[in-house]
Amino acid sequence: MRPIGKPGDCKLWFEINATKDGATLNDDTQHYPADPNGELGIDIADFAEESLVGLELFHAGTQNDDEDSCDSIFYYYEHQPLRKNSVQILDRNGDAFTVRWSGVTQDVNHYDGTKPEAGVEIDATFTLVRRPT
């Protein structure tokens, strides 16, 4: 987790890479060798490290697959837009922040849109990477 930009024009950027030990996969994806990962950049007015705990942020994601989704994306075998993102920053221990992040994306087994969107739920500890001074 890191702030990007300048005061008044900032994004709080989240990146996560799952491992087989850290991810709970659905039954229909457990046999795949891929490890899911995601990226999300949420616009915030100003970055205030001391005010992060208790913050709830939202990012709608793209409206359709033709829009650029580089700041809200989920990777499995293919990258797909991650939509309806909700991020709650729940706790802090030094530079480690407990985060609950949820969203929806296209089902990884059905890229043709024949299945409803799949829910993505991430409960993880993110380390704050500070801006260079």
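Each remark here, short or long, concerns the structure printed above.
Residues numbered from 1 in each chain as written. Predicted model: local features only at pLDDT ≥ 70, side-chain atom pairs only at ≥ 80, totals over all residues. Heavy atoms only, no water.

Colleague: Is there a simple way to explain the side chain of asparagine 85 in this structure?
Modeller: Mapping asparagine 85 onto the fold places it in strand β7 (residues 83–93). Classification of asparagine 85 as buried rests on a relative accessible area of 2%. Residues within four places of asparagine 85 in sequence aside, it is in contact with Leu40, Leu57, Phe58, His59, Ser72, Trp101, Ser102 and Gly103. (Helix = DSSP H or I, 4+ residues; strand = E, 2+ residues; numbered from the N terminus. Buried < 20%, exposed > 50% of the residue type's maximum accessible area, 1.4 Å probe, protein only. Contact = heavy atoms within 4.5 Å.)

Colleague: Just checking my understanding: could you explain the packing of aromatic side chains for this structure?
Modeller: Where two aromatic rings form a pair, the distance of their centres and the angle of their planes describe that pair. According to the stated counting rule, one finds three aromatic pairs in the structure shown. With a centroid separation of 5.5 Å and an interplanar angle of 90°, the aromatic rings of phenylalanine 14 and phenylalanine 126 are classed as edge-to-face. Taken together, the positions of phenylalanine 14 in strand β2 (residues 9–17) and phenylalanine 126 in strand β9 (residues 118–127) put the pair 112 residues apart, joining distant regions of the chain. Here the two residues phenylalanine 14 and phenylalanine 126 agree in accessibility, since each one is buried. Ring pairing ties together the aromatic residues Phe14, Trp101 and Phe126, which thus form one cluster. (Phe/Tyr/Trp six-rings, centres within 6.5 Å; stacked < 30°, edge-to-face > 60°.)

Colleague: When you look at the pairing of strand β5 (residues 72–75) in this model, what are you seeing that I'm missing?
Modeller: Consecutive side chains of a regular strand alternate in pointing toward one face of the sheet and then the other. Where strand β3 (residues 37–44) and β5 come together, four bridges link them in antiparallel fashion. Bridge pairing in β5 links asparagine 37 to tyrosine 75. Here β5 pairs with strand β6 (residues 79–81) via three bridges, running antiparallel. Bridging from a neighbouring strand, tyrosine 75 pairs with histidine 79 of β6. (Pairing = 2+ DSSP bridges.)

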